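# Architecture at a glance
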Amino acid sequence: EAHERLWTLVSGLDPLQATSAAPGKWNALQHMVHIHLGVKAMTAYLALPKAVILEKFGRMDRPSMDMETLTKKYYARLAQGVVPPDRFMPPTVIVGEQEELIVQGRTQLRLMLEALSGWSGSELDLYACPHPAMGPLTAREMVMFTVLHAEHHRRGIERSMAGSVGQ
């Protein structure tokens, strides 16, 4: 639902709105592509054999956070100033039409959900998953983060659209 809300917002923008941004800020398409890059990375993680995940990242020795706790941790980390690693930075110029990019995002999310179907609830709480800004999280927390992250960037687009009214 969070991703659909993002895609609905971006789909409703005219091409100029979708590609315009204040200096030093991302435009709507860049926000959306950034989210897609994160979903793609999570899909790749979930598709790894669990033995590989255990060897590369280890296991977590604590219960998974709930969404409220994860959200507070994320916003506290954002307040400290976070810049995504290069592999999660959207290109300066996005190639492709809005609707084409949304179709790509829906495909990537479907692939992530398919990969997730191979996980049990206890496995999601057991395996560590690296997050570039928040350190190791459980796999469950990272799945929840994909929702939180999409909502955060949707709100960012809404704020930028509200700020551009009358300009």
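Quick look at the structure, then.

### Section: the overall build of the chain
- Summing up its helical and strand segments, the chain has eight helices and two strands in all.
- Listing the helices and strands of the chain from first to last along the sequence gives α-α-α-α-α-α-α-β-β-α.
- Relative to a compact globule of 167 residues, whose C-alpha radius of gyration would be 15 Å, the chain shows 17 Å and is just as compact.
- Viewed in the frame of its principal axes, the chain has a C-alpha envelope of about 50 × 35 × 25 Å.
- Within the chain, buried positions represent 42% of all 167 residues.
- Partitioning the contacts of the chain with sequence separation of at least 6, the portion at a separation of at least 24 is 79%.
- Here the chain contributes 17 positively and 17 negatively charged side chains, and the mean placements of these two sets differ by 5 Å.

### Considerations on the packing of helix H1 (residues 2–11) against helix H6 (residues 98–116)
- At a minimum axis distance of 10 Å, the contact between H1 and H6 shows a crossing angle of 175 degrees. As far as their axial angle goes, H6 and H1 are roughly antiparallel. Between H1, through His3, Glu4, Trp7, Val10 and Ser11, and H6, the contact on the second element is made entirely by Gln98, Glu99, Ile102, Gly105, Arg106 and Leu109.
- Taken together, the residues of the contact of H1 with H6 break down into four nonpolar, four polar and three charged.

### Some details on the pattern of salt bridges
- Applying the stated criterion to the full structure yields eleven salt bridges.
- In this structure, the salt-bridge partner of Glu151 is Arg5, at a minimum N-O distance of 2.8 Å. Placement of Glu151 in helix H8 (residues 139–164) and of Arg5 in helix H1 is noted, with a sequence separation of 146 residues between them.
- A residue is classified by how much of its surface remains accessible, and Glu151, at 12% relative accessible area, is buried.
- For Lys72, the salt bridge goes to Glu68, with nearest N and O atoms at 3.2 Å. Highlighted residues: Lys72 and Glu68, both in helix H5 (residues 67–79), separated by four residues, approximately one helical turn. No difference in accessibility class separates Lys72 from Glu68, as the two residues are exposed.

### Digging into the layout of surface pockets
- The calculated volume of the largest pocket comes to roughly 1,000 Å³.
- Along its surface, the largest pocket is lined by 40 residues, and His34, Tyr74, Pro84, His149 and His153 are the ones closest to its centre.
- When residues of the lining of the largest pocket are traced back to their parent elements, those giving at least two are helix H3 (28–47), helix H4 (50–57), H5, strand S1 (128–131) and H8.

### Focus on the packing of aromatic side chains
- All chains considered together, the criterion is met by five aromatic pairs.
- Judged by centre distance (5.9 Å) and plane angle (25 degrees), the rings of Tyr45 and Trp119 are stacked. A residue pair is termed long-range when its members are at least 10 positions apart, and Tyr45 in helix H3 and Trp119 in the loop between H6 and helix H7 (121–126) qualify at 74 residues. When sorted by exposure, Tyr45 lands in the same class as Trp119, which is buried.
- Seen from their ring centres, Tyr74 and Phe145 are 5.0 Å apart, and the 85 degrees between their planes marks the pair as edge-to-face.

### Digging into the nonpolar core
- Counting residues in each nonpolar core, the largest one holds 42 residues, and the members touching the most others are Met32, Met42, Tyr45, Leu46, Leu70 and Trp119.
- Of all the elements in the fold, those that place two or more residues in this core are H1, H3, H5, H6 and H8.

### Let's talk about H5
- For H5, with 13 residues, the first-to-last C-alpha span of 18 Å sits near the 18 Å given by 1.5 Å per residue.
- Positive backbone phi, at 90 degrees, marks Gly81, one or two positions downstream of H5.

Rules of the game
- Residues numbered from 1 in each chain as written.
- Predicted model: local features only at pLDDT ≥ 70, side-chain atom pairs only at ≥ 80, totals over all residues.
- Heavy atoms only, no water.
- Helix = DSSP H or I, 4+ residues; strand = E, 2+ residues; numbered from the N terminus.
- Rg over C-alpha atoms; globule rule 2.2 N^0.38 Å.
- Buried < 20%, exposed > 50% of the residue type's maximum accessible area, 1.4 Å probe, protein only.
- Contact = heavy atoms within 4.5 Å.
- Lys, Arg positive; Asp, Glu negative; His and termini not counted.
- Charge placed at Lys NZ, Arg CZ, Asp CG, Glu CD.
- Axes fitted to C-alpha atoms, helices over the stretch in contact; angles between N-to-C directions.
- Parallel < 35°, antiparallel > 145°, perpendicular 65-115°, else oblique.
- Nonpolar A, V, L, I, M, F, W, Y, C, P; charged D, E, K, R; others polar.
- Salt bridge = Lys/Arg side-chain N within 4 Å of Asp/Glu carboxyl O.
- 1 Å grid on protein atoms, 1.4 Å probe; cavity = no way out; pocket = protein on both sides within 12 Å on 5 of 7 lines; lining within 4 Å.
- Points joined across faces, edges and corners; volume = space filled by probe spheres on them.
- Phe/Tyr/Trp six-rings, centres within 6.5 Å; stacked < 30°, edge-to-face > 60°.
- Core = buried A, V, L, I, M, F, W, Y, C linked by side-chain atoms within 4.5 Å.
- Expected span 1.5 Å × (residues − 1).

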